[in-house]
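# Geometric and topological summary
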Amino acid sequence: QVQLVESGGGLVQPGGSLRLSCVTSRSISSIYAMGWYRQGPGKSRELVAVISKAGSTNYADPVKGRFTISRDDAKNTMYLQMNNLKAEGKPVYYCNADPDGDGLGTDSSYWGQGTQVTVSS
């Protein structure tokens, strides 16, 4: 089992930056893959960025060039650096852990409680 705790959300102006953090309850370097999802009001949850155990990364097209996913193994923490934020509602960002390779976002994965990001002037 993996417990995840996100932090770092808040209010930011368009064009601003935020860094989200996700602390894991077990060694992050042992987790097969981790990712960040977001869900706006009335919308389905969408995958934003992924980082594998080996450190490879992938991003959804809307955030490429603006968001960076990373992790600090010593702190068991995953990050999402978000730059040039756009006013896209008030999505809640969730971190997700796939410890055994069964797939991110599946019933075998684990979710944090979410942290809301509001981009508004």
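Report on the accompanying structure. Fair warning: this is a prediction, and the values are worked out from it, not measured in the lab. (Residues numbered from 1 in each chain as written. Predicted model: local features only at pLDDT ≥ 70, side-chain atom pairs only at ≥ 80, totals over all residues. Heavy atoms only, no water.)

### Overview of empty space enclosed by the protein
Within the structure shown, the criterion is met by one cavity of 30 Å³ or more. Taken as a whole, the largest cavity spans an internal volume of roughly 50 Å³. Around the largest cavity, the lining residues are Arg 38, Arg 66, Phe 67, Leu 85, Lys 86, Glu 88, Gly 89, Pro 91, Tyr 93, Val 117 and Val 119. Across the lining of the largest cavity, the residue classes tally to six nonpolar, one polar and four charged. (1 Å grid on protein atoms, 1.4 Å probe; cavity = no way out; pocket = protein on both sides within 12 Å on 5 of 7 lines; lining within 4 Å. Points joined across faces, edges and corners; volume = space filled by probe spheres on them. Nonpolar A, V, L, I, M, F, W, Y, C, P; charged D, E, K, R; others polar.)

### A word on the pattern of salt bridges
Using the criterion set out here, one finds four salt bridges in the structure. A salt bridge links Arg 38 to Glu 88, with the nearest nitrogen and oxygen atoms 3.6 Å apart. A residue pair is termed long-range when its members are at least 10 positions apart, and Arg 38 in strand β4 (residues 33-39) and Glu 88 in the loop between β8 (77-82) and β9 (92-98) qualify at 50 residues. Among the residues examined, Glu 88 registers a relative accessible area of 37% and is labelled partly exposed. Measuring nitrogen to oxygen at the nearest pair gives 2.6 Å for the salt bridge that ties Arg 71 to Asp 73. Its relative accessible area of 37% is what places Asp 73 among the partly exposed residues. Via salt bridges that share partners, Arg 38, Glu 46 and Glu 88 belong to a single interconnected network. (Salt bridge = Lys/Arg side-chain N within 4 Å of Asp/Glu carboxyl O. Helix = DSSP H or I, 4+ residues; strand = E, 2+ residues; numbered from the N terminus. Buried < 20%, exposed > 50% of the residue type's maximum accessible area, 1.4 Å probe, protein only.)

### So, the nonpolar core
Grouped together as the largest cluster of nonpolar side chains are 25 residues, with contacts concentrated most on Met 34, Trp 36, Phe 67, Met 78, Leu 80, Met 82 and Tyr 93. Going through the elements one at a time, β3 (18-24), β4, β5 (46-52), β7 (67-72), β8, β9 and β11 (115-119) are the ones with two or more residues in this core. Apart from residues lying up to four places away in sequence, Phe 67 is in contact with Arg 38, Val 48, Tyr 59, Leu 80, Gln 81, Met 82, Asn 83, Leu 85 and Tyr 93. (Core = buried A, V, L, I, M, F, W, Y, C linked by side-chain atoms within 4.5 Å. Contact = heavy atoms within 4.5 Å.)

### Looking at the packing of aromatic side chains
Working definition: an aromatic ring pair is given by the centre-to-centre distance plus the angle between the planes. Using the criterion set out here, one finds two aromatic pairs in the structure. Here the aromatic rings of Tyr 37 and Trp 111 are separated by 4.9 Å at their centres, their planes lie at 65°, and the arrangement is edge-to-face. Residue Tyr 37 is found in strand β4, and its partner Trp 111 is found in strand β10 (residues 110-111); the two are separated by 74 residues along the sequence. For Tyr 37, a relative accessible area of 9% gives the class buried. Judged by centre distance (6.2 Å) and plane angle (90°), the rings of Tyr 94 and Trp 111 are edge-to-face. Of this pair, Tyr 94 sits in strand β9 while Trp 111 sits in strand β10; the two residues are 17 residues apart in sequence, bridging distant segments of the chain. Given the relative accessible area of 14%, Tyr 94 is considered buried. (Phe/Tyr/Trp six-rings, centres within 6.5 Å; stacked < 30°, edge-to-face > 60°.)

### Notes on the state of the cysteines
For the structure shown, the criterion picks out one disulfide. Covalently, Cys 22 is tied to Cys 95 through a disulfide, its sulfur atoms 2.1 Å apart. Between Cys 22 and Cys 95 the sulfur-sulfur dihedral comes to about 55°; the bridge is accordingly right-handed. Here Cys 95 lies in strand β9 and Cys 22 lies in strand β3, a separation of 73 residues in the sequence. Like Cys 95, Cys 22 is buried. (Disulfide = S-S within 2.5 Å.)

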